[in-house]
Amino acid sequence: MTTAATPVHSPLAVLKGLASLRRLSGTYPAGHPIIGQRLQELSDTIAELLSAGSPLCVEVIQGNVLLEGVATSAETQADEQLLSQLAALGIDSIHIREGVERQELLTLAEFLWHHTDSDESVTAQLLARSVRHVSLGRLVPLDTRWRVQQWPDAPTGQLDPDYAESLARAQQTWEDTVAGKPLDVVSVRELVQLLIHKVAKSNAALGQILAVKNYENLTYCHSVNVSILSLLLGKRVGLDEATMAVLVEAALLHDVGKTRIPLEIIQKPGLLDKNERRTIESHTTLGAEILVQTEGLHPLTPTVALEHHRGVKGIGYPDLGNAVPHPMSQIVSVADIYEALTGARCYQHPTPPERACLILARMAGDKLNTGLVKTFVNAITFFPLGSFVRTDRNEFGLVIQTTLGEPLHPVLALVDGDTHEFLGQVDTAERGLSGSYTRHISQTLQVPDTLDVRRLLDAQQAAAL
Ligand SMILES: [Fe+2]
């Protein structure tokens, strides 16, 4: 008789197996049959998941277990104890590659049991123990300089001039703050106006912000992008222009506390110990302190910095009891998580927008405001402006327009798969005589370097005027 159990294909089965093996290896003497049994079960589960051909990537993002960036079914939700156990170990990313052997899994489990903080990187420690097919880590938060080494193949295509100017201004503000200078409120205000009146109205700029970004991972870029995303969401929920300016100011400065966190902690690719995690989490309170002391900012700006890592049900940090975050903070949280997911991260390429939308949907309710997530996904759509996609007819196209109420069916500029020559425009929301869509989008792809995204988006915007 079969009993209801976690399905074999669940990433949770891997986490559970690993946690259980870790506990057993710390409790029973080496060679005890129960260890062998658990090891076999875990090894079988992993073999099955790896048989699909690609490496197994399990992540825990804000308490949700994800396999290859996709949140899995409801039954895999929450084994709070297990997740907090992994969180206590500082693990939120486990990559297992083809060829992993039982001995490596056992060594890994023992390593996790005995793990204490060390100057040596986790990767080096695992390699020294002959664990070559597993990497552990945390999702490296967005920050400075690190990206340059991480993504040397960054596309060199030109940025929209207004977007480029916003980034340059944000960079200046950021660097001044890192150097200990007081925040230049006038310059922040000018940047807010630039974002509202120019960047948010340029399709080319939005294309560079909304679609997968594998080229910038610096905190000031993240802040500019979060501001634009917050702006788009704010517009959809009907905020007036004055409130929008407050929202953009708060979004721009939400992570300013990171200027006070030592770079070596922010950039550390391995596991963080409790103190380091607490230090990183303190960017919320540090940010609020900096902003409260800055004259001329809106009173909500420090509130958003303080609350942007708190869920709508009061979980997250800092601990403020059951206080529900201000709606402004809730908007910035949605934009922040989407931006962090679609930006470049340690170990892997960015999560494509359609997956990021699914992850947001999964976080709706406990962590994020459900209404805001729905509005956001409808506004951003699964295939935002500037995404390069393949259709189920094996056509390649750039998303040049999105349609309200059709988050899965944008308008495409079709291009030749090899030469990228423009072939014509097609609306994937069109339906055939039977009433069904004539095309579906099957995949988001990396934007080819040779594709002139700006020209295609500018041409579409000009034609629409
Ligand atoms: Fe943050």
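Chemist: Which residues make up unusual backbone geometry, and what are the values?
Modeler: With omega at -5°, the peptide bond leading from Y317 into P318 counts as cis. Following the sequence through the fold, P318 ends up in the loop between helix 15 (300-307) and helix 16 (327-342). Although it is not a glycine, N394 adopts a positive phi angle of roughly 65°. Note that N394 resides in the loop between strand 6 (388-391) and strand 7 (396-403). With 8 C-beta atoms counted inside 10 Å, the residue N394 sits in the exposed group.

Chemist: How would you summarise the confidence of the model for the protein chain if you had to cite specific residues and measurements?
Modeler: In the predicted model, the protein chain carries a mean pLDDT of 80, and 79% of its residues have values of at least 70. When mean pLDDT is taken per element in the protein chain, helix 15 scores highest with 96 and helix 6 (residues 146-150) scores lowest with 34. Scored below 50 in pLDDT, residues 1-8 makes seven contacts in the model with residues more than four places away or belonging to other chains. The low-confidence segment residues 139-156, where pLDDT is below 50, has 36 contacts with residues more than four positions distant or belonging to other chains.

Chemist: Can you tell me about the sheet that holds strand 9 (residues 422-427), naming the residues and giving the values?
Modeler: Ordered in space as 9-8-7-6-10, the five strands form an open sheet in which the pairing is antiparallel. The open sheet is flanked by strand 9 and strand 10 (441-445), the only strands paired with a single partner. Going from strand to strand, the sheet's axes swing by 40° on average, the running direction of each strand aside. Examined bridge by bridge, strand 8 (residues 406-415) and strand 9 share five bridges and lie antiparallel to one another. Bridging from a neighbouring strand, A413 pairs with Q425 of strand 9. Packed onto the sheet, helix 19 (residues 453-464) meets strand 7 and strand 8 and runs at close to 35° relative to strand 7.

Chemist: Which residues make up the packing of helix 2 (residues 33-50) against helix 4 (residues 102-114), and what values go with them?
Modeler: At a closest axis distance of 10 Å, the pairing of helix 2 and helix 4 adopts a crossing angle of 115°. When the axes of helix 2 and helix 4 are compared, the pair comes out roughly perpendicular. Where helix 2 crosses over helix 4, the handedness of that crossing is right-handed. Taken together, the residues of helix 4 that come into contact with helix 2 (itself represented by L39, L42 and S43) are R102, L105 and L106. Tallied by class, the residues present in the contact of helix 2 with helix 4 amount to four nonpolar, one polar and one charged.

Chemist: I'd like to hear about the packing of helix 14 (residues 283-292) against helix 15, residue by residue, with values.
Modeler: At a closest axis distance of 7 Å, the pairing of helix 14 and helix 15 adopts a crossing angle of 170°. When the axes of helix 14 and helix 15 are compared, the pair comes out roughly antiparallel. Two secondary-structure elements touch here, helix 14 through T284, T285, G287, A288, L291 and V292 and helix 15 through T301, P302, A305 and L306. A per-class count over the contact of helix 14 with helix 15 returns six nonpolar, four polar and no charged.

Chemist: Mind laying out the nonpolar core, listing which residues take part and the relevant values?
Modeler: A general trend in soluble globular proteins is that nonpolar side chains are found buried together. One finds L195, V334, A335, L360, L398 and I400 to be the most contacted residues of the largest nonpolar core, which totals 80 residues. There are two domains that each give this core at least three residues, and those are domain 2 (146-380) and domain 3 (388-464). Discounting chain neighbours no more than four positions away, the residues touching L360 are V334, I337, Y338, L368, V373, F376 and V377. Listed in part, the 23 residues of the second largest apolar core include L21, L56, V58 and L112.

About the cut-offs
- Residues numbered from 1 in each chain as written.
- Predicted model: local features only at pLDDT ≥ 70, side-chain atom pairs only at ≥ 80, totals over all residues.
- Helix = DSSP H or I, 4+ residues; strand = E, 2+ residues; numbered from the N terminus.
- Buried ≥ 20, exposed ≤ 12 C-beta atoms within 10 Å, placed from the backbone.
- pLDDT = per-residue confidence, 0-100.
- Contact = placed C-beta atoms within 7 Å.
- Pairing = 2+ DSSP bridges.
- Axes fitted to C-alpha atoms, helices over the stretch in contact; angles between N-to-C directions.
- Parallel < 35°, antiparallel > 145°, perpendicular 65-115°, else oblique.
- Left-handed = near helix turned anticlockwise from the far one by under 90°.
- Nonpolar A, V, L, I, M, F, W, Y, C, P; charged D, E, K, R; others polar.
- Core = buried A, V, L, I, M, F, W, Y, C linked by C-beta atoms within 7 Å.
- Domains from an automatic or database assignment.

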